[in-house]
Amino acid sequence: MEAVLDMMQDRRVEVADMTKVQSKLQQIISGGPDHLQFIVDFDYTLSRAHKDGKLVDCSWGVLENFQELPSDYHKKVKVVKDKYYPIEIDMSISLEKKIPIMIEWYKKANGLLSESGVNRSWFPRMVAESNCELRDDTNLLLNRLNHARVPVLVLSAGLGDLISHIMSHFGVLHGNTTLVSNFLDYDQEGKVVGLKEDDGLIHMYNKSESILKRSQGDNYADRKNVVLLGDSLGDLKMADGVKDPNVVLTVGFLNKNIEESLETYKKNFDIVLVDDQTMDFPNALVTDVLKVSAVAASSVTV
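Please read these numbers as outputs of a predicted model, since none were measured by experiment. (Residues numbered from 1 in each chain as written. Predicted model: local features only at pLDDT ≥ 70, side-chain atom pairs only at ≥ 80, totals over all residues. Heavy atoms only, no water.)

## Focus on the overall build of the chain
No. 1: Broken down by element type, the chain carries 12 helices and 11 strands.
No. 2: The C-alpha atoms of the chain give 19 Å as radius of gyration, which agrees with the globular expectation for 302 residues (19 Å, within 12%).
No. 3: Each of the three principal axes of the chain carries a C-alpha extent, and together these read 65 × 40 × 35 Å.
No. 4: For the chain, the proportion of its 302 residues judged to be buried stands at 52%.
No. 5: Pairs at least 24 residues apart make up 72% of the contacts formed inside the chain by residues separated by at least 6 positions.
No. 6: Entry remark: accessible area of the chain is about 14300 Å², with carbon and sulfur atoms responsible for 49%.
No. 7: For the chain, the distance from the average position of its 34 positive side-chain charges to the average position of its 45 negative side-chain charges is 2 Å. (Helix = DSSP H or I, 4+ residues; strand = E, 2+ residues; numbered from the N terminus. Rg over C-alpha atoms; globule rule 2.2 N^0.38 Å. Buried < 20%, exposed > 50% of the residue type's maximum accessible area, 1.4 Å probe, protein only. Contact = heavy atoms within 4.5 Å. Areas by Shrake-Rupley, 256 points an atom, 1.4 Å probe, with all protein chains shown as cover. Lys, Arg positive; Asp, Glu negative; His and termini not counted. Charge placed at Lys NZ, Arg CZ, Asp CG, Glu CD.)

## As for the layout of surface pockets
No. 1: Here the largest pocket defines a volume of roughly 1200 Å³.
No. 2: Lining the largest pocket are 50 residues; nearest its centre among them are Tyr-44, Tyr-85, Glu-88, Trp-105 and Lys-256.
No. 3: Among the secondary structure elements, those contributing two or more residues to the lining of the largest pocket are helix H3 (42-46), helix H4 (59-64), helix H5 (71-88), helix H6 (95-113), strand S5 (152-159), strand S10 (247-254) and helix H11 (258-268).
No. 4: A total of eight residues in the lining of the largest pocket trace back to one element, the largest contributor, which is H5. (1 Å grid on protein atoms, 1.4 Å probe; cavity = no way out; pocket = protein on both sides within 12 Å on 5 of 7 lines; lining within 4 Å. Points joined across faces, edges and corners; volume = space filled by probe spheres on them.)

## Thoughts on the sheet that holds strand S6 (residues 177-182)
No. 1: Spatial ordering of the open sheet is given by S1-S11-S10-S9-S2-S5-S6, a layout of seven strands whose pairing is mixed. With partners counted over all chains shown, the strands left at the sheet margins are strand S1 (13-14) and S6, one partner each.
No. 2: Looking at chain direction, S10 and strand S11 (residues 271-274) are connected through four bridges and run parallel. Among the inter-strand pairings, Leu-254 is bridged to a residue of S11, identified as Val-274.
No. 3: Strand contacts of H11: S1, S10 and S11, with the helix running at about 180 degrees to S10, the strand carrying the most contacts. (Pairing = 2+ DSSP bridges. Axes fitted to C-alpha atoms, helices over the stretch in contact; angles between N-to-C directions.)

## Details of the side chain of Thr-250
No. 1: Looking at the element boundaries, Thr-250 is found in strand S10.
No. 2: On the basis of relative accessible area, Thr-250 is assigned to the buried category, the value being 10%.
No. 3: Here the side chain of Thr-250 touches Asp-270 through a polar contact of 2.8 Å, landing on its backbone nitrogen.
No. 4: Every residue in contact with Thr-250, bar those within four places of it in the chain, is listed here: Leu-228, Leu-236, Asn-268, Phe-269, Asp-270 and Ile-271. (Polar contact = N/O pair within 3.5 Å; in protein donor to acceptor, adjacent residues only side chain to side chain.)

## Concerning H5
No. 1: Compared with an ideal rise of 1.5 Å per residue, which puts 18 residues at 26 Å, H5 spans 25 Å between its outermost C-alpha atoms and is within 8% of the ideal.
No. 2: In H5, a bend of some 30 degrees at Asp-82 exceeds every other bend along the element, and Pro-86, a proline, comes one to four places later.
No. 3: Among the residues of H5, those classed as buried are Tyr-73, Val-77, Val-80, Tyr-84 and Ile-87.
No. 4: Of the surrounding secondary structure, the elements contacted by the buried residues of H5 are H4 and H6. (Expected span 1.5 Å × (residues − 1). Bend = angle between axes of the 7 residues up to and from the residue.)

## Section: the pattern of salt bridges
No. 1: Under the criterion given, the structure shown has 15 salt bridges.
No. 2: Lys-51 serves as the salt-bridge partner of Glu-133, at 3.1 Å between the closest nitrogen and oxygen. In this pair, Glu-133 sits in the loop between helix H7 (123-129) and helix H8 (138-147) while Lys-51 sits in strand S3 (residues 50-51), placing the two residues 82 residues apart along the sequence.
No. 3: For Glu-133, a relative accessible area of 26% puts it in the partly exposed group.
No. 4: Arg-125 is paired through a salt bridge with Glu-68; the nearest N and O atoms lie 2.6 Å apart. With Arg-125 in helix H7 and Glu-68 in the loop between H4 and H5, the pair connects residues that are 57 residues apart, well separated along the chain.
No. 5: Taking the relative accessible area as the measure of exposure, Arg-125 reaches 33% and is therefore partly exposed.
No. 6: Sharing partners across several salt bridges, the network here consists of Asp-10, Arg-12, Asp-276 and Asp-280. (Salt bridge = Lys/Arg side-chain N within 4 Å of Asp/Glu carboxyl O.)

Written out as structure tokens, the structure reads:
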């Protein structure tokens, strides 16, 4: 546990119950890569929240902020976001009250998509011209997990089509990765007409249901040690769809409203990473997991 314990001393890392967290870390590390899976959110978890003092596009933002879209569309999107975003980040509003409001937001955003004029052939240019970036060393984390054959489930309430292009753009969409998200529907010319709703809309508070319905199921049967990465309280539900887990370590990236939200995050996440735009902590954990695995393999060889 050398690498991860060193990280625990970092000023960006906040932990409410160190004894419980160390026990979970020990279970995950000793279990090795063969019993491990990662379940991760995309927007503001795999992707950065800001860089050099400027906010960074999420997957919806890559589409909505594309400069060649009609100005009227940009205005309508801003009106909708200005209404609903403050509600999303308001920690004083209960989940019971927040969920129907968030669903209303997604439906309004979906309705506007048909007015955007977007064609699927534009996506590579949208991604290239956006300021969306992954957290520092996300490529290192995902490349190592792929090499170790650790499954990664990316579960997002964002736009799956653009997440796929973003991950491909940065070279991190590997064969060990399953993407469960909201995907777009198109007409015969490739023009966006809205979201596919065959499997139901994914929002930040129904992600556990989405895992049960759409994940690979049997491929994860022996993966009972779970590392969950998210940036909102709704992301904590992502592991609820895992059947009979041995251990679930929850890691929360706290990107905004830090003073108001820190104690709530500490009560809910095992580990809180405060305004940390890197993957330093997950990489430290993977270092220890792979080190134990390498030692075990060498002892067998000897």
